[in-house]
Amino acid sequence: MKLIPVKEHQAPAFLEGLNPEQTEAVITTNGPVLIIAGAGSGKTRVLTYRIAYLLSKGINPYSILALTFTNKAAGEMKNRIASMVGESIARKVWAGTFHSVFARILRIEAESLGFTNSFSIYDTDDSLSVIRAIMNSLGISIQQFTPQSIRSRISNAKNQMIGWQQYEADAQEIYEKQTALVYKEYDKRLKINNAMDFDDILLNMIKVLQLNPNIKAIYQKKFSFIMVDEYQDTNRAQYLAIQLLAGGHKNICVVGDDAQSIYRWRGADIRNILEFKKDYPDAVTVRLEQNYRSTKTILAAADSVISHNKKQLSKALWTDNPQGDLITVISNRDDRDESDSIMRIIKEEVDLHFTSEKDFAILYRTNAQSLTLEDSLRRAGIAYTIIGGTSFYKRKEIKDTLAYLRLLCNPKDSESLARVINEPPRGIGPTSVKRLQAYAQSMSIDLFAAFEQANIAPDIPKKAIKSALDFTDMVKEFRSKMNDLPADELATLFIEATGLLQSLKDDNSDESLDRWNNIQRLLSHITEMKEKDEAMTLEDYLQYIALISDIDETEFGNNRISLMTLHAAKGLEFPIVFIAGMEKGLFPLGKAEFDQDEEEEERRLFYVGITRAEKKLYLSFAEKRYRFGELVFSEPSKFINEINPDLLEWKAGGLKIPAQQYASTSLKNTNQYRPAHSTFTKNTSPKPFFDDLASSSSDSYSQIEPDAPIMIKSGMNVKHNQFGIGKVQMVSGEGEKKQAVVVFDSVGKKQLLLKYAKLEIV
DNA sequence: TGGCCGAACCTGGTG
DNA sequence: GGTTCGGCCA
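This structure is a prediction, so every number in the text was calculated from the model and none was measured. (Residues numbered from 1 in each chain as written. Chains lettered and ligands numbered in written order. Predicted model: local features only at pLDDT ≥ 70, side-chain atom pairs only at ≥ 80, totals over all residues. Heavy atoms only, no water.)

Trainee: I'd love a proper account of the protein's contact with DNA strand B, names of residues and values included.
Mentor: In the vicinity of DNA strand B there are 36 residues, among which Asn367, Gly429, Thr431, Lys591 and Glu602 approach most closely. When atoms of DNA strand B within 4 Å of the protein are split into backbone and base, the sugar-phosphate part holds 47%. Within the side chain of threonine 124, one N or O atom sits 3.2 Å away from a base oxygen of DNA strand B. The separation between a base nitrogen of DNA strand B and a polar side-chain atom of tryptophan 265 is 3.0 Å. At the level of elements, helix 10 (198-211), helix 21 (430-443), helix 28 (566-569) and helix 29 (596-610) are the ones that each hand at least two residues to the surface near DNA strand B. Residue classes in the surface near DNA strand B are distributed as 12 nonpolar, 17 polar and 7 charged. (Near = heavy atom within 4 Å. Polar contact = N/O pair within 3.5 Å; in protein donor to acceptor, adjacent residues only side chain to side chain. Helix = DSSP H or I, 4+ residues; strand = E, 2+ residues; numbered from the N terminus. Nonpolar A, V, L, I, M, F, W, Y, C, P; charged D, E, K, R; others polar.)

Trainee: Residue-level account of the protein's contact with DNA strand C, with values.
Mentor: In the neighbourhood of DNA strand C, the contacting residues comprise Arg132, Phe628 and Gly629. Contacts to DNA strand C include arginine 132, whose side-chain N or O atom sits 2.8 Å from a phosphate oxygen.

Trainee: Give a description of helix 9 (residues 174-192) that names residues and reports values.
Mentor: With 19 residues, helix 9 ought to run about 27 Å at 1.5 Å a step, and its terminal C-alpha atoms sit 27 Å apart, in line with that. Within helix 9 the residues assigned to the buried category are Tyr175, Gln178, Thr179, Ala180, Val182, Tyr183, Glu185, Tyr186 and Leu190. Once helix 9 ends, the next one or two residues include asparagine 194, with phi positive near 55 degrees. (Expected span 1.5 Å × (residues − 1). Buried < 20%, exposed > 50% of the residue type's maximum accessible area, 1.4 Å probe, protein only.)

Trainee: Let's hear about the packing of helix 19 (residues 396-409) against helix 24 (residues 487-498): which residues, and what values?
Mentor: In contact at an axis separation of 10 Å, helix 19 and helix 24 are set at 110 degrees when each is read in the N-to-C sense. Overall, the two elements helix 19 and helix 24 adopt an arrangement that is roughly perpendicular. For the pair helix 19 and helix 24, the sense of crossing is right-handed. Where helix 19 approaches helix 24, its residues Thr401, Tyr404, Leu405 and Leu408 are matched on the opposing element by Leu490, Ala491, Phe494, Ile495 and Thr498. When grouped by side-chain class, the residues that make up the contact of helix 19 with helix 24 number 7 nonpolar, 2 polar and no charged. (Axes fitted to C-alpha atoms, helices over the stretch in contact; angles between N-to-C directions. Parallel < 35°, antiparallel > 145°, perpendicular 65-115°, else oblique. Left-handed = near helix turned anticlockwise from the far one by under 90°. Contact = heavy atoms within 4.5 Å.)

Trainee: Explain the environment of asparagine 19 to me, and be specific about the residues and the numbers.
Mentor: Its location among the elements puts asparagine 19 in the segment before helix 1 (20-27). Residue asparagine 19 is classed as buried on the basis of its relative accessible area of 12%. Excluding residues that lie within four positions of it along the chain, asparagine 19 makes contacts with Gln290 and Tyr292. Within the structure, asparagine 19 has its side chain in polar contact with the backbone nitrogen of glutamate 21 (distance 3.1 Å).

Trainee: For a negative patch on the surface, give the residues involved together with the corresponding values.
Mentor: Together, Glu528, Glu531, Asp533, Glu534 and Asp540 give the surface a local cluster of negative charge. Looking at where glutamate 534 falls in the secondary structure, it is placed in the loop between helix 26 (510-532) and helix 27 (538-546). (Patch = residues over 30% accessible without salt bridge, like charges linked within 9 Å, V, L, I, M, F, W, Y side chains within 5 Å. Areas by Shrake-Rupley, 256 points an atom, 1.4 Å probe, with all protein chains shown as cover. Salt bridge = Lys/Arg side-chain N within 4 Å of Asp/Glu carboxyl O. Lys, Arg positive; Asp, Glu negative; His and termini not counted. Charge placed at Lys NZ, Arg CZ, Asp CG, Glu CD.)

Trainee: Explain the packing of aromatic side chains residue by residue, including any values.
Mentor: In the structure shown here, the tally under the stated rule is 18 aromatic pairs. Both rings, one in phenylalanine 115 and one in phenylalanine 119, keep their centres 6.4 Å apart while their planes meet at 70 degrees; by these two values the pair is edge-to-face. Residue phenylalanine 115 is classed as buried on the basis of its relative accessible area of 7%. Taking relative accessible area as the criterion, phenylalanine 119 reaches 2% and is therefore assigned buried. Put simply, the rings of Phe69, Phe98, Phe102, Tyr263 and Trp265 pair up and form one aromatic cluster. Here the basic side chain of arginine 153 rests over the ring of tyrosine 175, its NZ or CZ set 4.0 Å away from the ring centre. (Phe/Tyr/Trp six-rings, centres within 6.5 Å; stacked < 30°, edge-to-face > 60°. Lys NZ or Arg CZ within 6 Å of the ring centre and 35° of its normal.)

Trainee: Just give me the short version of the pairing of strand 14 (residues 561-565), but keep the residues and values in it.
Mentor: In terms of burial, strand 14 is largely enclosed, as 5 of its 5 residues are buried. Bridging between strand 12 (residues 360-364) and strand 14 involves 4 bridges; their strand directions are parallel. Of the residues in strand 14, the one forming a bridge with isoleucine 362 is leucine 563. In this structure, strand 13 (residues 384-386) lies alongside strand 14, joined through 3 bridges in parallel fashion. Paired with isoleucine 386 across the strands is leucine 563, a residue of strand 14. (Pairing = 2+ DSSP bridges.)

Trainee: A description of the nonpolar core should follow, citing residues and the corresponding values.
Mentor: If you look at the biggest cluster of nonpolar residues, it comprises 51 residues, and the most contacted ones within it are Leu405, Leu417, Phe451, Phe471, Phe494, Ile495 and Leu538. Looking at which element gives the most residues to this core, the answer is helix 19, with 8 residues. When neighbours within four sequence positions are excluded, phenylalanine 451 is seen to be in contact with Leu417, Ile421, Ile428, Leu436, Ala468, Leu469 and Thr472. Core analysis: the next-biggest nonpolar cluster, separate from the first, contains 45 residues, Trp94, Phe115, Val208 and Tyr280 among them. (Core = buried A, V, L, I, M, F, W, Y, C linked by side-chain atoms within 4.5 Å.)

Trainee: Which residues make up the sheet that holds strand 2 (residues 64-68), and what values go with them?
Mentor: Pairing is parallel across the open sheet formed by 6 strands, whose spatial order is 3-2-6-7-1-8. Single-partner strands in this sheet number two, and they are strand 3 (94-97) and strand 8 (284-288). Direction aside, the axes of adjacent strands within the sheet are offset by 15 degrees on average. Relative to strand 8, strand 1 (residues 33-37) runs parallel, the two being bridged by 5 bridges. Opposite valine 33, over in strand 8, you have valine 284 as the bridge partner. Along the sheet face, helix 5 (residues 98-109) touches strand 2, strand 3 and strand 6 (225-228) and points at about 120 degrees away from the line of strand 3.

Trainee: Give a detailed account of unusual backbone geometry, specifying residues and quantitative values.
Mentor: The omega angle of the peptide bond from glutamate 423 to proline 424 is 0 degrees, so this bond is cis rather than trans. When you line up the elements, proline 424 lands in the loop between helix 20 (414-420) and helix 21. With an omega dihedral of 5 degrees, the bond running from phenylalanine 587 to proline 588 counts as a cis peptide bond. Assignment of secondary structure puts proline 588 in the loop between strand 15 (574-579) and helix 29. Positive phi, normally seen in glycine, also occurs at glutamate 230, with a value near 50 degrees. Given a relative accessible area of 8%, glutamate 230 falls into the buried group.

So, in structure tokens, the structure goes:
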């Protein structure tokens, strides 16, 4: 690979705004480069300038590969490149998530692995239902081994590049042995369905490169400059794929920050960044330590938090930015109160200081927290967008519609066929479907082909045969039109023809109407995408949708406040940030109490959250909160106390509801605590204080009386009605949240909430 | 065979 | 709180 000669030895004018380290990171384009980039140190800027710099040297945009973790980060990068070099060049750069870029390549190379180029991509839910079906057919108890845990075991294995053969060979305990059985069958079924799950996209990319030296050579030559963002979060498979692609020229630039490593649970291997120097001994290391994003206060808070982690590389982040406001901690009675407090602050800011809605972000630990927040936002009349929330795509009607479209593109996708065959009901019941599945298996054909042969398959009722044949004829008719009709028209006509829309219309309930509307939204989204990109096929659209989690991308930043999980917030920044649910057991999550590594990861996640804020940071917690539809009492998170108290100010949320007596909580700074609004009522009753509240929230909180804790101690032998006999290893938590770690003879180690587990002492 | 109802699970996060 | 799954009945 020969570089196009540099025309002049002077740097382009756009480099002038960079500091010396950033400049070095931008112009060191040949050979391996490791950029250690602290939070807010202009990492995205460096990456985009680097690409712009390469382009300014005459490098072909198609030969630049930039890999990110989230769609959001990829989109951000593309936008910035576009604003520097123009849309037409920017879109030629291969910038995207690992999954989207690799899926794009696999579409081209699928045949070398025995897939067709219209393979389906299964999301977590799809793969879960395949696993469920497999467990049922293998007679593995769904009660004893939850499909979720089997799925995550398989996924973890894949992320560490362990195939079913090896997994089977290594399986020791019963859980692993059962997983091995499912894993083997799962692999087989996906292959038959011409489908890949998210993990397969990485693994198959590696397979293609490893098995076909000529294909490897093509892509090594094609991508002559490779950049990887968030390198600290790559797993073994991603690491290997990068190494294969960069193997020839070694023009590889990785950017990362060990303090922001938050995907250990998903197989991220911190060694990848720590040992980069070992993999590429001549690598140049650049450290970006000046923070341009946050105030001194916010940076100091982040620093005092992360210093509680034992395992970390030393880093000296500093900033020239002003000191800024104190960090405000808001205490609230409950989750609803918390949401309302946040809304009130946002409204005040918007009304009094003319702040724009797009300047706010609300971050939380778990997706479930968004519900209460959304409710408050709607009542307050504030426009919002949930980033990365999958709610739209998780809707049944959307999944059904997409399954129909997948079936249209990928005839072998038996999973999708089974999903939609009775949506709307067609008189082909589960029994008939099972028989056809058995028939398909015995004849080694896919389910769609079995449907086509329903008349010769055994024991299928006449009515079902007719329905099956009508259905396959209808699908085939549309398949024959695939090349003649534009993607959006094809999709609309096909979905009409399936009767899905009509059945919702006929039902005529509010809910059905809502569903009907959602399907229309999806269909018009296809049209929208088609208008943007004339060449888009239905397969392209399905792939895009499978790998993206947010349909309303255009609404992002369009004068709406943003809601997202802390994980999804990585790489983003906002002037004003709220971190909600700062409670023990929620953030850090309960599991971290037992596990030092887990706690450190949660702390890094908090670090990520804090450093998203530019000007002002709010932390809020609730004394009680609905979780699993039940009210749970909680204490403030220990993380709050890890921030230097000089950086904090305390406020009480809650407007209508009188504040409770806080002295009983474990908070140290009660003297600094000021109720934000006049009525501060002392209340020593352990029961919440409800007076003459008009607020509708009150009745839902009326009966709260935690059960007496069960006297379970470590060392005891106990019996669980599902898992059988086990030994208590550890007990922790109080009252409702009291939990135990029990090692069961049958399924190994389990963490149980005593309130639910109903353990018997034996 | 298909529809309805109650029980059981859930919620740790990303693509 | 919502969703999914299995059992029971028409």
